[in-house]
Amino acid sequence: MTRSPYELSISPDVLARLHPRLRTYFGPIPPGQVGRGEGVFDVVGTPRRWLRPVLAWFARDAVMFPVWERDVPFTVENRPARVRRGSASPEAGPTPAGTGASRSGGTAERVGSVAVRAHRTFRFRSGVRTMVDAITAEPEGLVDHLGRRGRVSALLRTEVDGLGPDAGALRLVSTRVTFRALGREVRLPAFASPHVTLTERFDDDADLQRVSLVLSAPVVGTLYRYEGAFRYEIAPDTERG
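Here is a short report on the structure shown in this document. For clarity, every value in this text was computed on a predicted model and none was experimentally measured.

## Observations concerning the overall build of the protein chain
1) Next: Within the protein chain, the secondary structure is distributed over four helices and 11 strands.
2) Next: Evaluated residue by residue, the protein chain yields a buried proportion of 49% over its 241 residues.
3) Next: When contacts within the protein chain are restricted to residue pairs at least 6 apart in sequence, long-range pairs at least 24 apart make up 59% of them.
4) Next: By element, 53% of the accessible surface of the protein chain is carried by carbon and sulfur atoms, the whole surface being about 12000 Å².

See below:
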């Protein structure tokens, strides 16, 4: 991967405002390397029990989980990939050996959109669960394909503050959510569409990357969230030999 989906989709002047340590996280992952992080989520899930059956359905595709837990250890693993779903990016081409095979058991990655596939593994008291998603560079911008099969996708708007308390942080805000079923994509109308806000910032004092995700809906409010901190590095991909 010569450029990451973020570099393909976000203007250079916006990327330049990122905290230097976040530029590593959102930059390209060289061949034979993998991005790995480890930390603790302060909270994960929702305290609203009536949402648990819905979240259980999403859990089957490794999107969200029917939990409400605190102090959850987790790891994140980012790998460069090409995904079949979506329009091909300008750099589309065969995935270099050892950098694009999915470990999720879902759709095989072929020539297609430049992507970073992430596995976030949560060590809940109720058991270990892994969330899977792939961020792709599309002609319309960044798109997050959630789950092993990518049946739910969110088009993301990117924001980076140059000044203020969140200077250097990256915010990803959903502007459109689509569901894929029976070979068709359905775009949810704005009044009924869930809203995702993901914030990544670097805490210099603690030498930690902090992440916060909030999924909300009109009228109902917050449906699901997680927030925590971790340390991240680009390291040799020993699992691929």
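## Examining the nonpolar core
1) Next: Counting residues in each nonpolar core, the largest one holds 47 residues, and the members touching the most others are Phe 41, Val 44, Phe 65, Phe 122, Tyr 224 and Tyr 226.
2) Next: In terms of residue count, the dominant contributor to this core is strand E11 (residues 221-236) (five residues).
3) Next: Not counting residues up to four positions away in its chain, the partners in contact with Val 44 are Val 67, Trp 68, Glu 69, Val 72, Phe 122, Phe 124, Tyr 224, Arg 225 and Tyr 226.

## Observations concerning the pairing of strand E8 (residues 184-187)
1) Next: Pairing analysis gives four bridges linking strand E7 (residues 170-181) to E8, with the strands arranged antiparallel. Directly across from Ala 181, in E8, lies its bridge partner Arg 184.
2) Next: If you look at the hairpin formed by E7 and E8, you'll find two residues sitting between the two strands, and Leu 182 has a positive phi there, around 55°.

## Digging into helix H4 (residues 52-59)
In an α-helix, one turn spans 3.6 residues; hence positions three or four apart end up facing the same way.
1) Next: Listed in full, the buried residues belonging to H4 are Arg 52, Leu 55, Phe 58 and Ala 59. Buried residues of H4, viewed axially, fall in a sector of 115°; they line one side.
2) Next: Packing partners of the buried residues in H4 comprise strand E2 (68-83), strand E4 (127-138), strand E6 (152-160), E7 and E11.

## Some points on the environment of Val 220
1) Next: Secondary-structure assignment places Val 220 in the loop between strand E10 (208-217) and E11.
2) Next: Take Val 220: its relative accessible area is 32%, and that puts it in the partly exposed class.
3) Next: Between the C-alpha atoms of Val 220 and Pro 194, which are 26 residues apart in sequence, the distance is 9.8 Å.
4) Next: Setting aside anything within four residues of it in sequence, one finds Val 220 in contact with Arg 48 and Trp 50.

## Overview of a nonpolar patch on the surface
1) Next: On the surface, Trp 50, Val 219 and Val 220 cluster together into a nonpolar patch covering about 370 Å² of accessible area.
2) Next: The topology assignment puts Trp 50 in the loop between strand E1 (33-45) and H4.
3) Next: Judged by relative accessible area, Trp 50 falls into the exposed class, the value being 55%.

## Remarks on the packing of aromatic side chains
1) Next: This model, assessed by the stated rule, comprises 14 aromatic pairs.
2) Next: With 3.9 Å between their ring centres and 20° between their planes, Phe 41 and Phe 74 make a pair best called stacked. With Phe 41 in strand E1 and Phe 74 in strand E2, the pair connects residues that are 33 residues apart, well separated along the chain.
3) Next: Taking relative accessible area as the criterion, Phe 41 reaches 1% and is therefore assigned buried.
4) Next: Measuring from ring centre to ring centre gives 4.7 Å for Phe 41 and Tyr 226, while their planes differ by 55°; the resulting arrangement is tilted. Remark: Tyr 226 occurs in strand E11 and Phe 41 occurs in strand E1; sequence separation between them is 185 residues. Across the pair, Tyr 226 and Phe 41 agree in class, each one buried.
5) Next: Taken together through their ring pairs, the aromatic side chains of Tyr 6, Tyr 25, Phe 26, Phe 41, Phe 65, Phe 74, Phe 122, Phe 124, Tyr 226, Phe 230 and Tyr 232 make up a single cluster.

## Here's the deal with unusual backbone geometry
1) Next: Positioned with a positive phi, Asp 71 is a non-glycine residue whose angle comes to about 55°.
2) Next: Within the fold, Asp 71 resides in strand E2.
3) Next: The exposure class assigned to Asp 71 is exposed, which follows from its relative accessible area of 57%.
4) Next: For Val 219, which is not glycine, the phi torsion reads 75° and is therefore positive.
5) Next: Its location among the elements puts Val 219 in the loop between E10 and E11.

## Some points on the side chain of Arg 120
1) Next: The topology assignment puts Arg 120 in strand E3 (residues 113-124).
2) Next: A distance of 2.9 Å separates the side chain of Arg 120 from the side chain of Asp 133, its partner in a polar contact.
3) Next: Residues in contact with Arg 120, not counting those within four places in the same chain, are Tyr 25, Thr 75, Val 76, Arg 129, Thr 130, Met 131, Asp 133 and Tyr 226.

Cut-off values and rules
Residues numbered from 1 in each chain as written. Predicted model: local features only at pLDDT ≥ 70, side-chain atom pairs only at ≥ 80, totals over all residues. Heavy atoms only, no water. Helix = DSSP H or I, 4+ residues; strand = E, 2+ residues; numbered from the N terminus. Buried < 20%, exposed > 50% of the residue type's maximum accessible area, 1.4 Å probe, protein only. Contact = heavy atoms within 4.5 Å. Areas by Shrake-Rupley, 256 points an atom, 1.4 Å probe, with all protein chains shown as cover. Core = buried A, V, L, I, M, F, W, Y, C linked by side-chain atoms within 4.5 Å. Pairing = 2+ DSSP bridges. Arc of directions from axis to C-beta. Patch = residues over 30% accessible without salt bridge, like charges linked within 9 Å, V, L, I, M, F, W, Y side chains within 5 Å. Salt bridge = Lys/Arg side-chain N within 4 Å of Asp/Glu carboxyl O. Phe/Tyr/Trp six-rings, centres within 6.5 Å; stacked < 30°, edge-to-face > 60°. Polar contact = N/O pair within 3.5 Å; in protein donor to acceptor, adjacent residues only side chain to side chain.

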